[in-house]
Amino acid sequence: MPRVHVPNQAARRFTGGQTELEVEANTVRRLILELDRRFPGLGHQIDEGMALAIDGEIFQDAYLAQLNPDSEIYLIPKIGGG
Amino acid sequence: MTYMPKELQKVVGTRPIRPDGVDKVTGKANFGADMVMPGMLWGKVKRSPHAHARIMAIHTEKARALPGVKAVITAEDFPPIPSEEAFVGEGPMNFRDLSRNCMARDKVLYDGHAVAAVAATSPAIAEEACELIEVDYHVLPHVIDVEEAMTPDAPLLHDDLFTQGVEPKPTHASNVAKQIGFTKGDLDAGFRQADVIIERRYSNAPVHQAYIEPHACVVSVAADGQTTIWSSSQGQFMVRAYCAKLLGIDISQIRAIPAEIGGGFGGKTLIYLEPLALAMSRKTGRPVKMVMSREEVFRATGPAAGAVIEVKLGAKKDGTLTAGEAVLKYQAGAFPGSPVGPGCMCAFAMYDIPNAKVTGYDVVSNRPKVAAYRAPGAPNSSYGVESCLDELADQLGIDPLALREKNAAKDGVKALHGPTWQNIGYAATVEAAKNHPHMKQPLGPNQGRGVASGFWFNIGGESSAACHINEDGTAVVAVGTPDIGGSRASMAMMAAEILGIPVERVRPIVADTSSIGFSFLTGGSRVTFATGMATTQAAEKVVEELKKRAAMIWDISPDAVEWKDGKAWPAGANAGSFEPLPLAEIALKAGRTGGPITAEVSVNAQGAGPGFATHICDVEVDKETGYVKILRYTAVQDVGRAIHPSYVEGQIQGGVTQGIGWALNEEYIYDKHGRLENPGFLDYRVPVAPDVPMIDAVMVENANPRHPFGARGVGEVPIVPPMAAVANAINDAIGVRMRDLPMSPPRLRAAIDAQELPRAAE
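Residues numbered from 1 in each chain as written. Chains lettered and ligands numbered in written order. Predicted model: local features only at pLDDT ≥ 70, side-chain atom pairs only at ≥ 80, totals over all residues.

Please clarify how the nonpolar core should be interpreted in this entry.
One recurring pattern in soluble globular proteins: nonpolar side chains tend to sit buried together. All names here are of chain B. With 265 residues, the main nonpolar core has Leu-276, Ala-495, Val-726 and Ile-730 as its most contacted residues. A per-element tally of this core places helix α15 (residues 527-554) first, with 12 residues. Excluding residues that lie within four positions of it along the chain, Ile-730 makes contacts with Gly-448, Val-619, Val-621, Val-628, Val-736, Met-738 and Met-743. (Core = buried A, V, L, I, M, F, W, Y, C linked by C-beta atoms within 7 Å. Buried ≥ 20, exposed ≤ 12 C-beta atoms within 10 Å, placed from the backbone. Helix = DSSP H or I, 4+ residues; strand = E, 2+ residues; numbered from the N terminus. Contact = placed C-beta atoms within 7 Å.)

See below:
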């Protein structure tokens, strides 16, 4: 099952302090929906301000991105640039 | 998507002349300020002379009465916007703040903050009218310095700003908008394992992006509300969206047409003039043109953040890093939103440090709201970390480049912010630097050599591109991303490579918001990667269509046609015996075979591939004057695959030059009232040609497998290492460690005195 790492601040706000979660999902969209179902508001927070590092590669605004059963996902701030 | 190996590429990797080059060097290119329309009015902005004040009243009667004045606007002409945070443009954005940055409401928050604007029949009348506007201010105490702004008794800019990211939620307002942190491993244990611990404090100044072209626009609102905006920006879709939001109108009402852009570097990812011109055009029914002066650019548009960086490093005697900690305090300017997040993530990104912690603070003060600047946030934190690493190398007696090599992050290493690195080229840049002839060049008296490394994420995102085949077999490529660094050339090259025709037969253009699908702005080193992906896919669709048309002409199956060297060929003997059909012949018969041949593709590109760089800098210090001469500079960078090597080298050279300016001279100087004293290029010293040597750009090509030609973003990471590289070189030259930027002659002189006078007294 994909494993999601939640930053400390988001964990304090949404997950009761849990920084590692296992989530049954095979796409980013399903991951966000499931996280929001379990921790209301976290999905919106991800949509508005976070990127996902999936197995070392950063995805932003990418609902279609695929997850593997052993995917490691880190929630990080969205990246812009100059 | 297919990755085309380097050996098969015929156009990509060559150096054709850029399609926009002749117009630019002959002065014919149309920049933002070149647009003229019949019946056009001129807009000017009335700006605050105070760093912090409450607006008690604005008297516009005298200005309105001046002959030639057609409109006067204030914040009352804009709808109030509730606080609403979103990630748009190049970072977190609050549209209430954006509205109030364009036109102050209730309070002015920095010297130069807009309080009113005038549209008149001439620039002189508009300026005179601005003089006639009287504003009653209640002047408030102000704060400029980031650490002073963080103190509990500092003047508060926003009484509804409470620090995010701390528990319990604060009950008192603060200038600290946000605290953010990243941790890895066990920091205390890491420092306990260390044989040497070093702890230092550094600072760098907010600097301007210093694009040559000031902000400029023309806006025309028709009687039915249809609005056209011509402006110079890093994103016509960004201009359209922000104006619609700030003025409460539908996006469909606005067509934004991009002008040529005379530099942006992140500073043109926001709007300043466009909503004012739109409001005044809507009032008057006439086009309104606005052009900033250089002084206005400095006083009122976004600088890059400055920062205070506290770094602590622990290492074994052999140089193995055991722990790293950093505290970053970033200037956001008048509204929250400094790039402290990426600053935190970039600080230790180059290194495999098992135990690390970075804490960042986003701090408001009475300066203009910061805007993005190449690799926003990364140069600040990297200056601290890369300087501290040099001090650690000195203490350990280890060569600075060898220390970096020993601790270099490689594939499989987990970064502080979480991801496990894959396909990164940092170690290759260190290796290439180590073996470069530059490292063997002898140094003379008062000369020194410094090295430093840097990282930037690079991004992809939404891009659209269209490929049209003309009747004569030439092609047009239209994209939705402004060309800042030569992207039209690289788009034409990628399309030409796929179509199999000479690049000169492909005409690339930047299309307006009504002519191409949505595209995110030009920034984040994303255009060659993301728009290049859309362009390539559009060209591939066109090739598929060309094969179908050839099949129709030959009356065979499309599967029996292959495309090579710009021609359709029968795919083997079974397909039949036909002379190859050149693109031009197929194009000529396009009407008869089904109509125009064209394709548009929109993508949301992922997998941009991170960028790493290692720089070598030689300096000579004049100890009498404190003047630092850059003798030689070599910048090694993992560029993925260079589509047009000259423009990759140009990006590297430009970024390095801006980094040298940040290192040596650039800073905002405020008087005791918080007024900017150096809003012009005479007193704000950017590097000019004699200040820098020819910068040797060394391209390490570690292809990005997610791009059809292997490209990575290249435009941002070059500005990350220079500040530390120069500081480390100065220390190597004369043994003086500069921990506060800029290292300008007076400051360096003072540092030399501070070090040498006590010795002399002994």
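Can you help me understand the packing of helix α17 (residues 645-664) of chain B against helix α18 (residues 722-734) of chain B in this one?
When two helices pack together, their arrangement is given by the angle between the helix axes and the distance between those axes. Residue and element names in this part refer to chain B. Relative orientation of the contacting elements α17 and α18 amounts to 55°, with a least axis distance of 8 Å. Judged by the inter-axis angle, α17 sits oblique to α18. In the crossing of α17 with α18, the sense of the turn from one axis to the other is right-handed. Listed contacts from α18 to Val-656, Gly-659, Ile-660, Trp-662, Ala-663 and Leu-664 of α17 are Pro-722, Met-723, Val-726 and Ala-727. (Axes fitted to C-alpha atoms, helices over the stretch in contact; angles between N-to-C directions. Parallel < 35°, antiparallel > 145°, perpendicular 65-115°, else oblique. Left-handed = near helix turned anticlockwise from the far one by under 90°.)

Sorry, what's going on with the packing of helix α3 (residues 95-102) of chain B against helix α7 (residues 236-247) of chain B here?
Residues and elements named next belong to chain B. Where α3 meets α7, the axes come as close as 10 Å, and the angle between the chain directions of the two elements is 90°. Accordingly, the angle class assigned to the pair α3 and α7 is roughly perpendicular. Residues Phe-95, Leu-98, Ser-99 and Cys-102 of α3 form the contact with α7, whose own contacting residues are Tyr-242, Lys-245 and Leu-246. The residue inventory of the contact of α3 with α7, partitioned by class, reads 5 nonpolar, 1 polar and 1 charged. (Nonpolar A, V, L, I, M, F, W, Y, C, P; charged D, E, K, R; others polar.)

I would appreciate a short explanation of the domain arrangement of chain B in the present structure.
Residue and element names in this part refer to chain B. Domain annotation of chain B identifies domain 1 (6-28 + 460-605), domain 2 (35-141 + 209-300) and domain 3 (310-408 + 425-452 + 610-761). For domain 1 and domain 3, the distance between their C-alpha centroids amounts to 39 Å. Every element with two or more residues in the side of domain 1 that touches domain 3 is listed here: α14 (487-499) and α15. Ranked by residue count, the leading element in the side of domain 1 that touches domain 3 is α15, at 5 residues. (Domains from an automatic or database assignment.)

It is not clear to me how helix α2 (residues 28-38) of chain A should be interpreted in this structure. Could you clarify?
In an α-helix, one turn spans 3.6 residues, which is why side chains three or four residues apart end up on the same side. Residue and element names in this part refer to chain A. Those residues of α2 that sit buried are Val-28, Leu-31, Ile-32 and Leu-35. Down the axis of α2, the buried set is contained in an arc of 95°. They therefore lie on one face. The elements touched by buried residues of α2 are α3 (42-49), β3 (50-54) and β4 (57-59). (Arc of directions from axis to C-beta.)

Even after reading the chapter, I still don't get the sheet that holds strand β6 (residues 107-108) of chain B, so can you show me in this structure?
Note: strands within a sheet are paired through backbone hydrogen bonds, in either parallel or antiparallel orientation. Residues and elements named next belong to chain B. A sheet is described by the order of its strands in space; here 3 strands give the open sequence β6-β2-β8, paired in antiparallel fashion. The open sheet is flanked by β6 and β8 (134-139), the only strands paired with a single partner. Taken together, the 2 bridges between strand β2 (residues 53-59) and β6 define a ladder with antiparallel strand orientation. Across the sheet, the residue bridging to Ala-53 is Val-108, located in β6. (Pairing = 2+ DSSP bridges.)

Would you explain the environment of B:Arg739 in this entry?
All names here are of chain B. By the secondary structure assignment, Arg-739 is in the loop between α18 and α19 (745-761). Considered as a pair, Arg-739 and Ile-309 are 430 residues apart in the sequence and their alpha carbons are 9.7 Å apart. Apart from residues lying up to four places away in sequence, Arg-739 is in contact with Arg-200, Arg-201, Tyr-202 and Ser-387.

Looking at this structure, how should I read the interface of chain B and chain A?
Reports of interface size often rely on the accessible area that becomes lost once the parts have come together. At the junction of the two partners, chain B supplies 35 residues and chain A supplies 23 residues. Considering every element that reaches the side of chain B that touches chain A, the biggest residue donor is helix α10 (residues 340-347) of chain B, with 3 residues. By residue class, the composition of the side of chain B that touches chain A is 14 nonpolar, 16 polar and 5 charged.

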